[in-house]
Amino acid sequence: IDGIKIPDGYVLDDGETIPNSYTFLGENNKPIVITLHHGTQDVTGQEGSDTSRTISRAINITKPNGKTTTITQSVTFTRTGSKDLVTGKIKYGAWSNNGKQTLAQLESPKLDGYAVTPETIPALNVTPDSDKFTTVDVTYKALNNQQTIDYVDKNGNTVGKQEVIGKTGETVKV
């Protein structure tokens, strides 16, 4: 029948068809019933949908020379989304990985003569609702050192000692 238009956002139920023609009766014309349901559209990955979340952690390792290296750890959660074309509401599925993932533990690099803080960056359990970006700063502190100077004669006998104190990387006068 010309002019039958399915309302916006609706689709025909399975097995339902739109009649091609209709013959009018003299009396008692029955309504034409066409069964519809709300249409849906997959919104996975579309702009404005909430189907992907990435949680990241930056580990900034600043060496004693001031040079910083950054290690970034990231995990991404995904889920499906379906938009009801009549109401505009989006229904989301469950997050991937049961909504839980872990950023791996990392050992801070050791440098001889320096104390590192923190020594270990612990594993971090995250969910899609975790802070999207966190940072951990790894720093080094020079340790105190002591050096003994032995004074010896030409026969190898110790004739004196002197203690010199300083920090790793520091130059001191002797």
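Conventions and cut-offs
Residues numbered from 1 in each chain as written. Predicted model: local features only at pLDDT ≥ 70, side-chain atom pairs only at ≥ 80, totals over all residues. Heavy atoms only, no water. Helix = DSSP H or I, 4+ residues; strand = E, 2+ residues; numbered from the N terminus. Polar contact = N/O pair within 3.5 Å; in protein donor to acceptor, adjacent residues only side chain to side chain. Contact = heavy atoms within 4.5 Å. Buried < 20%, exposed > 50% of the residue type's maximum accessible area, 1.4 Å probe, protein only. Pairing = 2+ DSSP bridges. Axes fitted to C-alpha atoms, helices over the stretch in contact; angles between N-to-C directions. Salt bridge = Lys/Arg side-chain N within 4 Å of Asp/Glu carboxyl O. Core = buried A, V, L, I, M, F, W, Y, C linked by side-chain atoms within 4.5 Å. Phe/Tyr/Trp six-rings, centres within 6.5 Å; stacked < 30°, edge-to-face > 60°. Lys NZ or Arg CZ within 6 Å of the ring centre and 35° of its normal.

A. Local environment of the side chain of Gln-101. Note on placement: Gln-101 falls in strand 8 (residues 101–103). One polar contact links the side chain of Gln-101 to the main-chain carbonyl oxygen of Thr-76, over a distance of 3.0 Å. Apart from the residues within four sequence positions on either side, Gln-101 is in contact with Val-75, Thr-76, Phe-77, Leu-124, Asn-125 and Val-126.

B. Layout of the pairing of strand 4 (residues 52–62). The buried fraction of strand 4 is high, at eight of eleven residues. Sheet analysis places strand 4 next to strand 5 (residues 68–78), joined by eleven bridges and oriented antiparallel. Note on strand 5: the bridge partner recorded for Thr-54 is Thr-76. Connecting the antiparallel pair strand 4 and strand 5 is a turn made up of five residues, with Gly-66 showing a positive phi of about 90°.

C. View of the sheet that holds strand 3 (residues 40–42). Across the sheet, three strands lie side by side as 3-6-7; this open sheet has antiparallel pairing. Whereas interior strands pair on both sides, the edge strands pair on one side only; in this sheet they are strand 3 and strand 7 (90–92). Here the average twist between neighbouring strands, direction ignored, is 25°.

D. Representation of the sheet that holds strand 4. The four strands are arranged 5-4-13-10 in an open sheet whose pairing can be described as mixed. Edge strands, defined here as strands with exactly one partner in the open sheet, are strand 5 and strand 10 (114–117). Across the sheet, the axes of successive neighbouring strands diverge by a mean angle of 15°, strand direction being ignored.

E. Structural view of the environment of Thr-148. Topologically, Thr-148 is positioned in strand 14 (residues 144–152). In this structure, the C-alpha to C-alpha distance between Thr-148 and Tyr-10, residues 138 residues apart in sequence, is 89 Å. Not counting the four nearest positions on each side in its chain, Thr-148 is found in contact with Lys-161, Gln-162 and Glu-163. Within the structure, the side chain of Thr-148 is placed 2.9 Å from the side chain of Glu-163, a separation counted as a polar contact.

F. Structural context of the side chain of Ser-108. Note on placement: Ser-108 falls in the loop between strand 9 (106–107) and strand 10. Sequence-distant contacts of Ser-108, that is, excluding residues within four places in its chain, are made with Val-116, Pro-118, Glu-119, Thr-120, Ile-121 and Val-138.

G. Spotlight on the pattern of salt bridges. With the rule as written, the count across this model stands at five salt bridges. The salt bridge involving Asp-50 is made with Arg-79; its shortest N-O contact spans 3.0 Å. Separated by 29 residues along the polypeptide, Asp-50 in the loop between strand 3 and strand 4 and Arg-79 in the loop between strand 5 and strand 6 (81–84) bring together distant segments of the chain. Residue classification places Asp-50 among the partly exposed positions, given a relative accessible area of 22%. Residues Arg-53 and Asp-129 are paired through a salt bridge, measuring 2.9 Å at the closest nitrogen-oxygen approach.

H. Seen up close, the nonpolar core. Ranked by size, the top nonpolar core spans seven residues in total: Ile-59, Ile-61, Val-116, Ile-121, Val-136, Val-138 and Tyr-140. It is strand 13 (residues 133–142) that provides the largest number of residues to this core, a total of three residues. Setting aside residues no more than four positions away along its own chain, Ile-121 makes contact with Arg-57, Ile-59, Gln-105, Leu-106, Ser-108, Val-136 and Val-138. Counting six residues, the second largest nonpolar core, distinct from the first, contains Ile-55, Val-75, Leu-103 and Val-126.

I. The packing of aromatic side chains, seen in detail. Overall, the coordinates contain one aromatic pair when judged by the stated rule. Taking the centre distance of 5.0 Å and the plane angle of 90° together, the rings of Tyr-22 and Phe-24 count as edge-to-face. You can call Tyr-22 partly exposed: its relative accessible area is 29%. Seen from the ring of Tyr-92, Arg-79 lies directly overhead, with NZ or CZ sitting 4.2 Å from the centre.

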